[in-house]
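A look at the structure
The primary structure of each chain is shown beneath.
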Amino acid sequence: MVHWTDAERHIIADLWGKINHDEIGPQSLARLLLVYPWNQRYFAAMGNLTSAADVIGNPKLANHGKVVISGLEKAVMNLDNIKGTYVKLSQLHSDTLHMDPSNYRLAGDCLTVCLAARFGPSVFTHEVHKTWQEFLNVVVAAMCKE
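Residues numbered from 1 in each chain as written. Predicted model: local features only at pLDDT ≥ 70, side-chain atom pairs only at ≥ 80, totals over all residues. Heavy atoms only, no water.

Observations concerning the overall build of the chain
A tally of helices and strands in the chain yields eight helices and zero strands. Helices and strands appear in the chain in the N-to-C order α-α-α-α-α-α-α-α. For the chain, buried positions account for 40% of its 146 residues. Considering only residue pairs separated by 6 or more positions, the chain has 73% of its internal contacts joining residues 24 or more positions apart. As displayed, the chain offers around 8,000 Å² of accessible surface, 58% of which is attributable to carbon and sulfur atoms. (Helix = DSSP H or I, 4+ residues; strand = E, 2+ residues; numbered from the N terminus. Buried < 20%, exposed > 50% of the residue type's maximum accessible area, 1.4 Å probe, protein only. Contact = heavy atoms within 4.5 Å. Areas by Shrake-Rupley, 256 points an atom, 1.4 Å probe, with all protein chains shown as cover.)

Right, here's the structure in full:
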């Protein structure tokens, strides 16, 4: 269990409040599939993903990106029990969808890149980056089946 400082809690909540889910969710999921294309196998039911334009312009994929980023709100709201918050989602992704857990970290990295690009160094400072990375590491650990 992570013991968040008041400053870390504030940083996480503040950044979360600035995120446009409709923008960042689809961008980060598209980046994941373009930079790490082996992840496309998990999204075969969403249609043609053969080119960057197909991935970026895919409405089903964009909608799922919004779902994924919105799912992080559970962690933001339950900082003291992120592992418990994601038990069922972790089981679904592991047991039913057979997701490779190493891809969660890649997804978090893609989200971080999108946030840094969106907010720039005046908002996404080294301290924000450090705290956000720690937050995502806890979420990734929670998503990995024990």
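Having put the structure on the table, let's press on.
Brief notes about helix α1 (residues 6-18)
Compared with the 18 Å implied by 1.5 Å per residue over 13 residues, the 19 Å span of α1 between its first and last C-alpha is a close match. Regarding α1, the residues found buried are E8, I11, I12, L15 and W16. Down the axis of α1, the buried side of the element spans an arc of 125°, and every buried residue falls inside it. Turned more than 90 degrees from where α1 packs its buried face, D6, H10 and G17 sit exposed. Turning to α1, the residues buried within the fold contact α2 (21-35), α4 (59-77), α7 (102-123) and α8 (126-143). (Expected span 1.5 Å × (residues − 1). Arc of directions from axis to C-beta.)

Topic: the nonpolar core
Grouped together as the largest cluster of nonpolar side chains are 25 residues, with contacts concentrated most on I19, L72, I82, L115, W132 and F135. Those elements that place two or more of their residues in this core are α1, α4, α7 and α8. For this core, the element with the most residues is α8, which contributes seven residues. Counting 11 residues, the second-largest nonpolar core is a separate cluster that includes L32, V55, L106 and C110. (Core = buried A, V, L, I, M, F, W, Y, C linked by side-chain atoms within 4.5 Å.)

What about the side chain of T112?
By secondary structure assignment, the location of T112 is in helix α7. Residue classification places T112 among the buried residues on the basis of a relative accessible area of 6%. If we skip the residues at most four places from it in the chain, T112 touches F124, H129, W132, Q133 and L136.

Quick word on the pattern of salt bridges
Enumeration over the complete set of coordinates arrives at four salt bridges. A salt bridge links E23 to R118; the nearest nitrogen and oxygen atoms lie 3.2 Å apart. Placement of the pair is E23 in helix α2 and R118 in helix α7, with a sequence separation of 95 residues. With a shortest N-O distance of 3.8 Å, K130 and E127 are connected by a salt bridge. Of the two residues, K130 and E127 both sit in helix α8, three residues apart, roughly one turn of that helix. By relative accessible area, K130 is classed as partly exposed at 46%. (Salt bridge = Lys/Arg side-chain N within 4 Å of Asp/Glu carboxyl O.)

Points about a nonpolar patch on the surface
A cluster of nonpolar side chains, namely L34, V35 and I56, defines an oily patch on the protein surface of about 260 Å² accessible area. Take I56: it is sitting in helix α3 (residues 52-56). (Patch = residues over 30% accessible without salt bridge, like charges linked within 9 Å, V, L, I, M, F, W, Y side chains within 5 Å.)

What about the state of the cysteines?
In protein chemistry, a disulfide is the covalent bond that joins the sulfur atoms of two cysteines. Scanning the entire structure with this criterion turns up zero disulfides. You can see C110 has no disulfide; the closest cysteine sulfur is in C114, sitting 6.8 Å from it. (Disulfide = S-S within 2.5 Å.)

Observations concerning α8
Between its terminal C-alpha atoms α8 stretches 25 Å, which fits the 26 Å expected from 18 residues at 1.5 Å a residue. Looking at α8, one finds that the buried residues are V128, T131, W132, Q133, F135, L136, V138, V139, V140, A142 and M143.

By themselves, these are just geometric observations and shouldn't be taken as functional.
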